[in-house]
Amino acid sequence: MGNCNQGFKDYFCRPKDTNVRFKLTFVCFVWQIAMVILFGVFVRYDDESDAHWVQNMAQNNITSAVENEFYYRYPSFQDVHVMIFVGFGFLMTFLKRYSFGAVGFNFLIAAFGLQWALLMQGWFHSLDPLTGKIYIGIENLINADFCVAGCLIAYGAVLGKVSPVQLLVMTLFGVTLYAVEEYVILDLLHAIDNGGSMVIHVFGGYYGLAISWVLYRPNLHKSQNLQGSVYHSDTFAMIGTLFLWMFWPSFNSATTYHGDGQHRAAINTYLCLTSSVLTTVAVSSFSQKTGKLDMVHIQNSTLAGGVAMGTAAVFMISPYGALIVGFCCGILSTMGYLFISPCLEKILKIHDTCGIHNLHAMPGVVGGIVGAVTAASASESVYGKQGLIQTFDFTGKFKDRTVSAQGCYQAAGMCVAMAFGIGGGAIVGAILRFPIWGDPADENCYDDHVYWEVPEEEENQLEGVPPILEYCNYATNNPEDET
Amino acid sequence: MGNCNQGFKDYFCRPKDTNVRFKLTFVCFVWQIAMVILFGVFVRYDDESDAHWVQNMAQNNITSAVENEFYYRYPSFQDVHVMIFVGFGFLMTFLKRYSFGAVGFNFLIAAFGLQWALLMQGWFHSLDPLTGKIYIGIENLINADFCVAGCLIAYGAVLGKVSPVQLLVMTLFGVTLYAVEEYVILDLLHAIDNGGSMVIHVFGGYYGLAISWVLYRPNLHKSQNLQGSVYHSDTFAMIGTLFLWMFWPSFNSATTYHGDGQHRAAINTYLCLTSSVLTTVAVSSFSQKTGKLDMVHIQNSTLAGGVAMGTAAVFMISPYGALIVGFCCGILSTMGYLFISPCLEKILKIHDTCGIHNLHAMPGVVGGIVGAVTAASASESVYGKQGLIQTFDFTGKFKDRTVSAQGCYQAAGMCVAMAFGIGGGAIVGAILRFPIWGDPADENCYDDHVYWEVPEEEENQLEGVPPILEYCNYATNNPEDET
Amino acid sequence: MGNCNQGFKDYFCRPKDTNVRFKLTFVCFVWQIAMVILFGVFVRYDDESDAHWVQNMAQNNITSAVENEFYYRYPSFQDVHVMIFVGFGFLMTFLKRYSFGAVGFNFLIAAFGLQWALLMQGWFHSLDPLTGKIYIGIENLINADFCVAGCLIAYGAVLGKVSPVQLLVMTLFGVTLYAVEEYVILDLLHAIDNGGSMVIHVFGGYYGLAISWVLYRPNLHKSQNLQGSVYHSDTFAMIGTLFLWMFWPSFNSATTYHGDGQHRAAINTYLCLTSSVLTTVAVSSFSQKTGKLDMVHIQNSTLAGGVAMGTAAVFMISPYGALIVGFCCGILSTMGYLFISPCLEKILKIHDTCGIHNLHAMPGVVGGIVGAVTAASASESVYGKQGLIQTFDFTGKFKDRTVSAQGCYQAAGMCVAMAFGIGGGAIVGAILRFPIWGDPADENCYDDHVYWEVPEEEENQLEGVPPILEYCNYATNNPEDET
């Protein structure tokens, strides 16, 4: 830092070391090697993806190879996969100078999270007690994508303010917590949550918000000039929005039981989403004196219906019920951007870059409540006797549960998700505060230059960065000057 | 407007009120509430998406839950859904400063249109006379997407020249007209049109052109500086083009009868599209002295084959037949951009922003003719006895219809589509002329600033807008100055 | 050229004629007409896409129309289709001023290549010797997409340095060579290569490299200013990367045998790709003193796992085996960008615009070796008796082949692919050297202005082009000045 003269060094040139060369390399290699070893010890193909299947078909009365589960889950899986990588990735490219970080780090943590999720969820759900192995098939891949979605939601809260190493640590713990809360909610409480309003969105939302709360930066205004969007970055973000919006019916129906379950879940989600769009536009326009629409609302609040329909998608909520949920969530989410996010920041000191509180946490809570109420009011006349059993999976040791009890367990599930999110996030946030993770200085937040080689000729076009900072950037990153 | 001195006020500062705050909010809320009520009264899940299905399976000899229609329509549905939101949305982002409007308003009107289409098409096609209810399943969702496609085509003609309120009105009437003409063509005339050359493209094309004709702006040259593209906006538009191009085989086969019907429709459309690309490139290059290709042609005319194969996709037109149709339509559509569009504007006073006449109307007419001729020349030797009955659905009261009669009814269908498009468009255009809808002034067309909060730092980069207009813009939109 | 005074004419104003008006029009028309004629003579619908199918169902014990192959291949086909057009197309948009060429020419040559591939592959694989016809169905469409992938890989090596006419010639020969080597490898040698590590990637990679070697331009540094990326072009390229990455499991499983084969191929590819991402990030970060990530690596090397799993995807390589392959390929591919590509250019005079040697050729070779070793070490205990026969298709005249023999044939297959690629590429490169194809001058490489109408206002923003060249450009392209 010798190049910085003492006068402004103290203020401008924070001696944050953002060079993650050794840390990132180390973490990536060690974790990937660990994955290889753990997969070697634990993971095998399941019955339907093993070469022995052709032999077992005759024994299991399967007459045709196309009865393989692959054909009835894979198209949904691919839609969910697109949501994870293109949907979440591009949705976060709205910042003027953080597109590489948005789409690139999203890619990195999703790729790592998927592997870890296969293991964690496998230990809890697919472990064969006899052989001690996890047998994976297409449904495991979908569930791993779901698990990673929770962590990517959390990324939205801290977008631009953390280093890739922090993100990997956050994902490691996030996936672990997810697997546990999922086990508690779906297996122990036996709540229904195929689209993950509670398990994914409430957990992921509060996990991210708690982390952001612990990592609060009082001087974040120093990078305010980079906190907005530019014209093209907003257009890129719409790619993410639309792929999330279009494929959300696949998301909510991907793991639902076959037949009418998947069919109904897709219809409900589709209707709920259409309704969100109109009320989002209405509130967005109304909130401005000029009546102009705000891209932030269109990019995010239009999706709130999909989040809120996560739990109840498979229930007989009926088409107009789905529309009503979307109606309310579009309003609630847009209101959140207008009124609640500023309050969260000012009062609770929670800075939420992408507004995940409005897009995931609140609509997730709504989804949980809608799910509990809809479950509690289910009846044999609406579902049919077998339909009721199948929808709520009242089998095995849960065969005597009543729908009102189910409603209570649904509500309990939401509380568990929230508790795991807030508690886990606070602890993980504390871990991420250690000054070893290479996080950016306050004045370098939302700036791809810190962790990415950015094309040179564009650097000069970077607007609003005072030359003095550029100079300090150079000094900070120039390795010869480091002590 | 007091800030504008009298001298240039009359000319530059047109007192158009583009503040749609109350109108847009009102329309969105009222219509969404109307949808909730109407869905509550009329719409229910159909047999295969109702929880009773599991009970009915045994009675209906269904042995496995994967026999649910969902599995054989949903992948096609998702492809069509991508075409509607990403395909149409991004195709229209080519304008340098109207990407938000293109992709955002496309999103809004599609989300509204889908709900209204489910109702309108439901009343005409899926209403159970006993219960008075509309029972919806996956096929209704596909058909709603199709219906909305017609309205989005019409949006292409008036892109940049209308307000979001006008678009919602246009969609309300467009969907209504569509449902009626679809009923006349498919049910009364019993024409075959699975990919909608006539029902979607001819109708949507002429509907949009008629509206644009009524709304003609003699002084549109005032916003000429925004009527072109920039480098990145053309690249964004290619996202739309490619998703439309790739998924068009799904579009034309989505509602075709199962088995060889869907299979053949996909192959024909695929072949037809490949052929369009080569002739479009050839004509585009030949039309320029320098031999340079024009992005407008590549973005649009390459798709003409998909439009033209809409009716005949399911027929035994044979692979080379499909190639020939694509061959001709690539040429015709590119020629349209070169020669017909300028004439339409000069002579008939029809301004067509996206060139829907070249991409939808003309190829749709070609598709209708090809369909009529192919139907009339069908024979048992080519289709097989059962194949002929299945392809043309010669069942029930149409079981004695001959193929030559079918050809005539196909041709009649196209005339009906065109009549509904032109007639309906003229009337709706007249409604849209009322000075209450908040449409932009001539000098503010193609400008996202009118209806969107555009990122600030970009505003200064806006090229070609004389400062005087910026000043007036400010005056117009500054609510304190309004009377 | 009269406007150029003699002084700099010799140096700056190379008399290259890049006006492809007549050539491109001629080639497109002639080839498309040839396709129509050849399709007319040879191509018919196959059994499952012919209208007679409904009649044949009863005879073939098919009870339901949804048993049509269409339903079990079409979703995979669409994923592959997206990879070809959006994946390859957008991956190449990374250059600052060659996005039109990347996505547009990719579109053109793919659309032509698909038709020619249906014919070429049809003659070798689907020709009915009795009728002399090629019967096409959904599997032919997938295989045509695969074949075209080989040619698009080759395009990556010469991106920005050739004319569209050269690309069409390259594709014509590329598809022809592909069909022959595919026949030798899959039919004669009976090697297994469903995802095409050898057939597609090794062939395509070396084909492109050999062409680039023959077309080497010693003065390419003249257009060095256009050889980099800009911020938004790198973001566009990530669209390509992600769609390739997400849908690669569909690519490798698209033509695999139904049931466990497709299921396992998808899982293996998915795992292999996740592992590539982490090691790519690790090596990319480690390679820079500042620890910053390079978008070139993230865009390309993350995909190496998919390439390398092409052959072995269907084998029982086991989940951790897939992770190990991805682990190694991420490292190898990134190392390639860092060390091998510069050497290739300096020592062997092979310039490789997109780095296809690192993304396709080398990982393809790894994939071939992995496939050979995995095949040779297969056993009945791992696959089951029937599973072994089904996986390696040990039927008909290959029913007595041992797994070790299979391993040898796999290795032989890779040598054949490489030989066809290098040999064929050298010959085709020689053809492309004729000065008649309208290729750009050294100083006009990577510039869309040569073959595209580029929006005007952007031209002035073109950075780094000395005004003198702009002037010459004008002179060159101004037809009045031509002699």
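Above this text you will find the structure in question.
A brief look at the structure comes next.

Another aspect to go through is the interface of chain B and chain C. Between chain B and chain C, the residue contacts involve 74 residues of the former and 78 residues of the latter. Interface area, chain B with chain C, both sides summed: about 6,700 Å², of which 72% is carbon and sulfur. The largest contributions to the chain B side of the interface with chain C come from Y231, Y270 and L278 of chain B, which together make up 13% of the buried area. Summed over the shared surface of chain B and chain C, the result is zero salt bridges. The interface formed by chain B and chain C holds 29 residue pairs in polar contact (both at pLDDT 80 or more) in total.

This brings us to the relation of the copies chain B and chain A. Of the transformation placing chain B onto chain A, the axial shift is 0.0 Å and the rotation is 120 degrees, giving an RMSD of 0.0 Å. Taken together, the rotation angle and the small translation identify this as a three-fold axis. When C-alpha positions in chain B are compared against the rotation axis, the closest is assigned to P75 of chain B, at 3.8 Å. Both copies present different contact surfaces, since only 9% of the interface residues of chain B are interface residues in chain A too.

Facing 78 residues of chain B, the contacting portion of chain A comprises 74 residues. Roughly 6,700 Å² is buried in total at the junction of chain B and chain A, and carbon and sulfur atoms are behind 72% of that figure. Together, R21, Y45 and F107 of chain B form the three largest contributors to the area buried by chain B at its contact with chain A, with a combined 11%. In this assembly, chain B and chain A are joined by zero salt bridges.

On the surface, a nonpolar cluster with roughly 260 Å² of combined accessible area is contributed by I33, I37 and V41 of chain A. Residue position: I37 of chain A is located in helix α2 (residues 21-42).

To summarise the sheet geometry, strands pair through backbone hydrogen bonds and adopt either a parallel or an antiparallel arrangement. All names here are of chain C. If you trace the three strands from one edge of the open sheet to the other, you get β1-β3-β2, paired in mixed fashion. The sheet is open, and its two borders are formed by β1 (43-45) and β2 (127-128), each paired with just one other strand. Note that β1 and strand β3 (residues 133-136) share three bridges and pair parallel. Directly across from R44, in β3, lies its bridge partner Y135. Those strands touched by helix α2 (residues 21-42) are β1 and β3, and its axis lies near 60 degrees from that of β1.

With that out of the way, let us pick up the packing of helix α10 (residues 260-286) of chain B against helix α13 (residues 319-348) of chain B. Residue and element names in this part refer to chain B. Between α10 and α13, the least distance of the axes is 7 Å, while the angle of their chain directions is 40 degrees. In terms of axis orientation, α10 runs oblique to α13. Between α10 and α13 lies a crossing of right-handed hand. Across from N268, L271, C272, T274, S275, S276, T279, T280, V283 and S284 in α10, the residues of α13 making contact are P319, A322, L323, V325, G326, F327, G330, I331, T334, M335 and L338. In terms of residue class, the contact of α10 with α13 is made up of 11 nonpolar, 10 polar and no charged.

Next up on the list: the packing of helix α9 (residues 231-253) of chain A against helix α10 (residues 260-286) of chain A. When two helices pack together, their arrangement is given by the angle between the helix axes and the distance between those axes. All names here are of chain A. Put simply, α9 and α10 touch, their axes get as near as 8 Å, and they point 145 degrees apart. Every pair of crossing elements has a handedness; the one defined by α9 and α10 is right-handed. Contact residues: W245, W248, P249, N252 and S253 in α9; Q262, A265, A266, T269, Y270, L273, T274 and V277 in α10. Here the contact of α9 with α10 is composed, by residue class, of eight nonpolar, five polar and no charged.

With an RMSD of 0.0 Å, the fit of chain B onto chain C corresponds to turning through 120 degrees and sliding 0.0 Å along the axis. Mapped onto chain C, only 9% of the interface residues of chain B are again interface residues, and the two copies thus contact each other with different surfaces.

Listed as buried for helix α16 (residues 385-392) of chain B are G387, L388, T391 and F392 of chain B. Along α16 of chain B, the residues classed as buried sweep out an arc of 105 degrees about the axis, all on the same side. On the buried face of α16 of chain B, the contacting elements are α10, α14 (356-376), α15 (380-383) and α17 (403-432) of chain B together with α3 (53-59) of chain C. Downstream of α16 of chain B by a residue or two, D393 of chain B has a phi angle that is positive, lying close to 50 degrees.

Spatially, the three strands line up as an open sheet ordered β1-β3-β2 (chain A), and their pairing is mixed. Every interior strand has two partners, whereas the edge strands, β1 (43-45) and β2 (127-128) of chain A, have only one.

Of the two faces of strand β3 (residues 133-136) of chain B, the one lined by I134 and I136 of chain B is fully buried and the one lined by K133 and Y135 of chain B carries no buried residue. The antiparallel hairpin formed by strand β2 (residues 127-128) of chain B and β3 of chain B contains four residues in its connecting segment, where G132 of chain B sits at a positive phi of about 70 degrees.

With that out of the way, let us pick up the pattern of salt bridges. The tally for this structure, following the rule as stated, stands at 12 salt bridges over all chains. Across the pair R217 of chain A and D439 of chain A runs a salt bridge whose closest N-O atoms are separated by 3.4 Å. Placement of the pair is R217 of chain A in the loop between α8 (197-214) and α9 and D439 of chain A in the loop between α17 (403-432) and α18 (456-459), with a sequence separation of 222 residues. The exposure class of R217 of chain A is buried, given its relative accessible area of 10%. Here D439 of chain A falls in the buried class, since its relative accessible area comes to 14%. Put simply, R264 of chain B and D260 of chain B hold a salt bridge, and the shortest N to O gap is 3.0 Å. Taken together, the positions of R264 of chain B and D260 of chain B, both in helix α10 and four residues apart, correspond to about one turn of that helix. For the pair formed by R264 of chain B and D260 of chain B, the shared burial category is buried. The structure contains a network of salt bridges with shared partners spanning R217, D439 and D442 of chain A.

Conventions we followed
Residues numbered from 1 in each chain as written. Chains lettered and ligands numbered in written order. Predicted model: local features only at pLDDT ≥ 70, side-chain atom pairs only at ≥ 80, totals over all residues. Heavy atoms only, no water. Contact = heavy atoms within 4.5 Å. Buried area = accessible area lost by both parts, 1.4 Å probe. Salt bridge = Lys/Arg side-chain N within 4 Å of Asp/Glu carboxyl O. Polar contact = N/O pair within 3.5 Å; in protein donor to acceptor, adjacent residues only side chain to side chain. Least-squares fit on C-alpha atoms with pLDDT ≥ 70 in both. Patch = residues over 30% accessible without salt bridge, like charges linked within 9 Å, V, L, I, M, F, W, Y side chains within 5 Å. Areas by Shrake-Rupley, 256 points an atom, 1.4 Å probe, with all protein chains shown as cover. Helix = DSSP H or I, 4+ residues; strand = E, 2+ residues; numbered from the N terminus. Pairing = 2+ DSSP bridges. Axes fitted to C-alpha atoms, helices over the stretch in contact; angles between N-to-C directions. Parallel < 35°, antiparallel > 145°, perpendicular 65-115°, else oblique. Left-handed = near helix turned anticlockwise from the far one by under 90°. Nonpolar A, V, L, I, M, F, W, Y, C, P; charged D, E, K, R; others polar. Buried < 20%, exposed > 50% of the residue type's maximum accessible area, 1.4 Å probe, protein only. Arc of directions from axis to C-beta.

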